[in-house]
Amino acid sequence: VCPFMAHCVFCLCCNYEKEIKFLTAEIDRLKNYSCSEASADLDKLREENLKLKYRLNILQKSLQAERNKPTKNMININSCLEEVFGCAIKAAYPVLENPPLIVTPSQQPKFGDYQCNSAMGICQMLKTKEQKVNPREIAENIVKHLPDNEYIEKVEIAGPGFINIHLRKGFVSQQLTNLLVNGVKIPAIGENKKVIVDFSSPNIAKEMHVGHLRSTIIGESVCRLFEFAGYNVLRLNHVGDWGTQFGMLIAHLQDKFPDYLTVSPPIGDLQAFYKESKKRFDTEEEFKKRAYQCVVLLQSKNPDIIKAWKLICDVSRQGKLLVERGESFYQDKMHDIVKEFEDRGFVQVDDGRKIVFVPGYSVPLTIVKSDGGYTYDTSDLAAIKQRLFEEKADMIIYVVDNGQSLHFQTIFGAAQMIVTRVSHAGFGVVLGEDKKKFKTRSGETVRLIDLLEEGLKRSMDKLKEKERDKVLTTEELKAAQTSVAYGCIKYADLSHNRLNDYIFSFDKMLDDRGNTAAYLLYKEWKLGRCILRFPEVLQKILDDLLLHTLCDYIYELATTFTEFYDSCYCVEKDRQSEVLKVNMWRMLLCEAVAAVMAKGFDILGIKPVQRM
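Thresholds applied
Residues numbered from 1 in each chain as written. Predicted model: local features only at pLDDT ≥ 70, side-chain atom pairs only at ≥ 80, totals over all residues. Heavy atoms only, no water. Core = buried A, V, L, I, M, F, W, Y, C linked by side-chain atoms within 4.5 Å. Buried < 20%, exposed > 50% of the residue type's maximum accessible area, 1.4 Å probe, protein only. Helix = DSSP H or I, 4+ residues; strand = E, 2+ residues; numbered from the N terminus. Contact = heavy atoms within 4.5 Å. Salt bridge = Lys/Arg side-chain N within 4 Å of Asp/Glu carboxyl O. Pairing = 2+ DSSP bridges. Axes fitted to C-alpha atoms, helices over the stretch in contact; angles between N-to-C directions. Phe/Tyr/Trp six-rings, centres within 6.5 Å; stacked < 30°, edge-to-face > 60°. Lys NZ or Arg CZ within 6 Å of the ring centre and 35° of its normal.

Enquirer: With reference to specific residues and values, describe the nonpolar core.
Expert: Among the nonpolar cores identified, the biggest contains 79 residues, and Leu81, Phe85, Ile142, Phe226, Phe534 and Leu550 are the most heavily contacted of them. Examining the composition of this core, we find that 9 residues originate from one element, helix 21 (residues 584-604), more than from any other. Those residues in contact with Leu550, other than ones at most four positions away along the chain, are Phe534, Val537, Leu538, Ile541, Gly600, Ile603 and Leu604. By size, the runner-up hydrophobic cluster in this structure holds 29 residues, among which are Tyr330, Ile367, Ala382 and Phe412.

Put into structure tokens, the structure is as follows:
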């Protein structure tokens, strides 16, 4: 026998003997454990348990007192009901980990005000544990464990296990009264938090066109929503002022105005000047090389090239009211971002380029070109880091069309290799009524200023068609024209799911029937029944950034108010005494809804017409 093997066997035997002796001694100790020792330990545990129960009771009372404190804010009823049913589900099925919690507004009045549809999901979870229980029995068990609360009048179980929830009339009345007294307010969930919204983002060298419409409208509404929720919002226009188009323009400027350093060049139409330079860039190889070299010199801050750049920027900025922070702002930070990727070993060299492969993406980012110049990838990464570490942003939202989705997904993936979370609020493109990209008859991109002027003209025609010019003063008519034109353009955009393309149609926008802004602007904005869903609608949009949900909600309020207004009179004449009777509750209900709809329009950036 191998001496080494014999030694190992001996060691194992010794270990087993020690373990057997220990277990035998432990059994003997337990057998001889005196009642007095057990009693002393038990009394100690009972005393500790009483202390814990006392502390728990104090905490529960404090929590309940906090909840019962009068608040000036509207409450999210859906969240309150989720909390109630969450407690019930936990009490009914304590062994389940993360059981489904589904509470939604009811789609039909006969099914109550809200529904809890968790029973079917819990049934599936129990099946995996080989427990066969009918969903309806699960629903009954949930209802049996519902804690006392101020929200629910009664619940009913329907179908296979749907729980229909009816709200207390007193609770609804109390919330509407609170709204009337304190105004439309929601909890400041964004207090001490900063959000940066990157939107609009035109190129300095180009005029704003219809392609910037959606980004500007959606971005501004996102900003207004987050501000209403208490966030500190920084609006940023990440203007293109540092890329290849500037190399083209500077090279063209040098050729056309060689004395630009001493004599200010008379560039009247920058759009035409850009087209000239682009044509040369596409057809003249020598000009293209010189344009690329101008970009490198610009990024190296060559004094003569910088002067040319400033001249072009000054011409482009005329008439634009933008708070801008262009690519040039991040130039000095691009070197640092490249070095950071290099220090972490993420950079590869490919044919003179410095590239970074992001996990999950086959196409790499180019952070330094073969000529030493930086790219959009570099400036976007530098911008993210600056916004997170210098601006101290808790969240960054990019409102950019879906055509750049892959770019941003890759950029965000690279950013997460060195920093943290960002979001892309992508959107579809604007189409003409032929369902192709919205352009002029000659195939040119539609200038934004032309589109807005056409909207003003058509809105005035619509107002005169309805003879509003006969009842409004000149100033009122002008205000109505602006409100209807701009309001309809904004609403038509925001009422569509931002992820989809949408067809731009002035005729549909100005139609005063159906889900259009004109319908809402021409009607009185007062309603009642679903007003208290406003906070939960806003919370959903804060989560998914889909603003059409707010448009759908406002339209629902408007159509419901029409039914209310037709059947519920606020002022009636007594048939016998002919005395006018005012139903103050209905009047106040209308006022409450007017306040909510006004706030909804304010978030969308639509100014209501005060008198039509």
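Enquirer: Lay out the pattern of salt bridges with the relevant residues and their values.
Expert: Inspection of every chain in the model, using the stated rule, returns 25 salt bridges. The salt bridge partner of Glu284 is Arg280, with a shortest N-O separation of 3.3 Å. Relative accessible area serves as the criterion here: at 34%, Glu284 is assigned to the partly exposed category. Classification of Arg280 as buried rests on a relative accessible area of 18%. A salt bridge links Arg533 to Glu556; the shortest N-O distance between them is 3.2 Å. One end of the pair, Arg533, is in the loop between helix 18 (517-522) and helix 19 (534-544); the other, Glu556, is in helix 20 (residues 548-567), with 23 residues separating them in the sequence. One network of salt bridges, in which partners are shared, links Glu220, Arg224, Glu227, Arg235, Lys599 and Asp602.

Enquirer: Account for the sheet that holds strand 7 (residues 347-350), with residues named and values stated.
Expert: Taken together, the 3 strands give an open sheet; going across it, the order is 7-8-9, and neighbouring strands pair in antiparallel fashion. Whereas interior strands pair on both sides, the edge strands pair on one side only; in this sheet they are strand 7 and strand 9 (365-368). Each neighbouring strand pair of the sheet contributes to a mean axis angle of 45°, computed without reference to strand direction. Pairing geometry for strand 7 and strand 8 (residues 353-356), over 4 bridges, is antiparallel.

Enquirer: Mind laying out the sheet that holds strand 1 (residues 103-105), listing which residues take part and the relevant values?
Expert: The antiparallel open sheet is built from 4 strands, whose spatial order is 1-2-4-3. Across the chains shown, the open sheet's two edge strands, defined by having one partner strand only, are strand 1 and strand 3 (152-158). Averaged over neighbouring strand pairs, the angle between their axes works out to 25° when direction is ignored.

Enquirer: Talk me through the packing of aromatic side chains; I want residue IDs and the actual numbers.
Expert: For the structure on display, the rule yields 9 aromatic pairs. Aromatic pair Phe408 and Phe412: ring centres 5.6 Å apart, planes at 50°, arrangement tilted. With a gap of 4 residues between them, Phe408 and Phe412 both fall in helix 14 (residues 405-418), about one helical turn apart. Through successive ring pairs, a cluster of aromatic residues spans Tyr398, Phe408 and Phe412. The lysine or arginine in question, Lys288, covers the ring of Phe281, its NZ or CZ lying 5.3 Å from the ring centre.

No statement about biological role is implied by the geometric values presented.
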